Protein chains: 2
Amino acid sequence: MAQTGRSGCPINLTLEQLGDRWSLVVVRDVMFGNRRSYGELLAQSEERIASNILADRLKRLTASGLLTRRPDPTHRQKVIYSLTEAAIQLVPLLAHMGAWGRRHTRPSKELSVRAELLEQGGAPLWNAFMEELRHLHLGAPRPARSVSGELQAAYEKALAKRSR
Amino acid sequence: MAQTGRSGCPINLTLEQLGDRWSLVVVRDVMFGNRRSYGELLAQSEERIASNILADRLKRLTASGLLTRRPDPTHRQKVIYSLTEAAIQLVPLLAHMGAWGRRHTRPSKELSVRAELLEQGGAPLWNAFMEELRHLHLGAPRPARSVSGELQAAYEKALAKRSR
DNA sequence: CAGACCACTTGCATATCGCAAGTAGTCGAA
DNA sequence: TTCGACTACTTGCGATATGCAAGTGGTCTG
């Protein structure tokens, strides 16, 4: 995953940086699940990522400029991870990945709701979501629309429907 | 990479199937480079994929329904690999991957030309390309526009510029 | 009928993955 | 002030994946 320098093809370089089982899962959890610390990412991991793998990926993602790390002012031992602009620009990629997975794998219905909404919303929705992420992670002004709220509401509605 | 069944999230399922260093590189070469046989994929590999890894990925991609395999009628020993519809629907994903890599890694200028064109063309270009792939790989009628020709021409133009 | 070509396979060293357990320090309540 | 929970990890180790180099059995070409 480190710089092997095999080829200058942008698709290949993206895969060298992100082409593994876990990197984008971690980005997804920070992005869509707003998990901001090691503990949250570990405990609330849908896929039960191993602690050493998580530590390694946080290190790599930070080193490669997709995440930043800063101490939590309210707790001397806590660390807050934030997305960088480069990571925020992965939104369309993850949206497409969700859309493809929805069509060509057998996803659970509840967990597909967000992907479906993102797919239907298209670029305008992605841009609104990216604006919101810039607010949450980079200190940009809060936008009017909360896409994460919409996604979460849709997910919870699907959950409620399921349990009925 | 096999079915671990960790979570029904469509992004995760996509990563379980394609989240490794080589799978999408192979798909990319079949898709954009029109490499249709093991030998072509091995010899013309920009990234010098190892022969056993290539064999393994071709097996997996075929097993998971992204490629099909059929004998070459003109050569008893040759095998032709084709993209399935599921693989063709990875076009937008690969386009985004190229676009992201172009912005956030240090790609070579010549190899970025295709990614740039794909990014500028957007969904209409992707759809035209997918139509062409359906012709080349699934036997659909030949569309009027040849996106692969346009991409190839742009690449060769960039190469010529470089060597001047 | 020899030599190149075809699609792989095999052996083996190294790297990575992933489970389970451990570490060193901090915080909050009794 | 002390104890237990919580913080972000690290460590050990077996299992799996990667990747180089060489080999295999068959086919086509001059």
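Rules behind the numbers
- Residues numbered from 1 in each chain as written.
- Chains lettered and ligands numbered in written order.
- Predicted model: local features only at pLDDT ≥ 70, side-chain atom pairs only at ≥ 80, totals over all residues.
- Heavy atoms only, no water.
- Helix = DSSP H or I, 4+ residues; strand = E, 2+ residues; numbered from the N terminus.
- Least-squares fit on C-alpha atoms with pLDDT ≥ 70 in both.
- Contact = heavy atoms within 4.5 Å.
- Core = buried A, V, L, I, M, F, W, Y, C linked by side-chain atoms within 4.5 Å.
- Buried < 20%, exposed > 50% of the residue type's maximum accessible area, 1.4 Å probe, protein only.
- Buried area = accessible area lost by both parts, 1.4 Å probe.
- Salt bridge = Lys/Arg side-chain N within 4 Å of Asp/Glu carboxyl O.
- Polar contact = N/O pair within 3.5 Å; in protein donor to acceptor, adjacent residues only side chain to side chain.
- Near = heavy atom within 4 Å.
- Nonpolar A, V, L, I, M, F, W, Y, C, P; charged D, E, K, R; others polar.
- Pairing = 2+ DSSP bridges.

This part takes up the environment of B:Asn52. Relative to the helices and strands, B:Asn52 is located in helix H4 (residues 51-63). Separated by 86 residues in sequence, B:Asn52 and B:Leu138 place their C-alpha atoms 27 Å apart.

A word on the relation of the copies chain A and chain B. Rotating chain A by 180° and translating it 0.0 Å along the rotation axis places it on chain B, where the RMSD comes to 0.0 Å. The transformation just described matches what one would write down for a two-fold rotation axis. Closest approach to the rotation axis within chain A is made by the C-alpha atom of A:Asp20, at a distance of 2.3 Å. Most of the interface of chain A is mirrored in chain B, where 100% of its interface residues are also at the interface.

Taken as a class, soluble globular proteins show a tendency for nonpolar side chains to be buried jointly. Ranked by size, the top nonpolar core spans 84 residues in total, and within it A:Met31, A:Leu83, B:Met31 and B:Leu83 carry the most contacts. In contact with A:Leu83, not counting residues within four places along its chain, are A:Val27, A:Val30, A:Met31, A:Leu66, A:Leu67, A:Ile88, A:Leu133, A:His137 and A:Leu138.

Here we take up the interface of chain A and chain B. On the chain B side, the residues contacting the 47 residues of chain A number 47 residues. Overall, the association of chain A and chain B removes approximately 3900 Å² of surface from exposure, summing both partners, and the carbon and sulfur fraction of that is 69%. It is A:Ile11, A:Arg21 and A:Trp100 in chain A that bury the most area against chain B; as a group they hold 18% of the surface buried on that side. A salt bridge links A:Glu16 to B:Arg21, with the nearest nitrogen and oxygen atoms 3.0 Å apart. If you look at where chain A meets chain B, you find 19 residue pairs in polar contact (both at pLDDT 80 or more). Breaking the side of chain A that touches chain B down by element, the ones donating at least two residues are helix H1 (10-18), helix H2 (23-33), helix H6 (91-104) and helix H7 (109-138) of chain A. With eleven residues, H6(A) is the single largest residue contributor to the side of chain A that touches chain B.

DNA strand D sits among 21 residues. The nearest are A:Tyr38, A:Gln77, A:Tyr81, B:Trp22 and B:Gln77. The contact atoms of DNA strand D, taken as those within 4 Å of the protein, divide so that sugar and phosphate hold 55%. Here a base nitrogen of DNA strand D sits 2.7 Å away from a polar atom, N or O, in the side chain of B:Asn52. Of all elements in the fold, only helix H3 (38-43) and helix H4 (51-63) of chain A together with H4 of chain B reach the threshold of two or more residues within the surface near DNA strand D.

A separate point is the protein's contact with DNA strand C. Looking at DNA strand C, there are 23 residues lining it, with A:Trp22, A:Asn52, A:Gln77, B:Gln77 and B:Tyr81 nearest. Within 4 Å of the protein, atoms of DNA strand C come from sugar and phosphate in 56% of cases. A distance of 2.6 Å is found between a base nitrogen of DNA strand C and a side-chain nitrogen or oxygen belonging to A:Asn52. Contact distances for DNA strand C include 2.6 Å between a phosphate oxygen and a side-chain N or O atom of B:Tyr81. Looking at the surface near DNA strand C element by element, the count peaks at five residues for H4(A). Within the surface near DNA strand C, the residues separate by chemical class into seven nonpolar, nine polar and seven charged.

Residue and element names in this part refer to chain A. Extensive coverage of strand S2 (residues 79-83) is indicated by the burial of four of its five residues. Summarising the sheet, strand S1 (residues 67-71) and S2 pair through five bridges and their orientation is antiparallel. Within the sheet, the bridge partner assigned to Arg69 lies in S2 and is Tyr81.

Another point: H2(A). With ten of eleven residues buried, H2(A) is to be regarded as a mostly interior element. A:Asn34 occupies a position one or two residues after H2(A) and carries a positive phi of about 50°.

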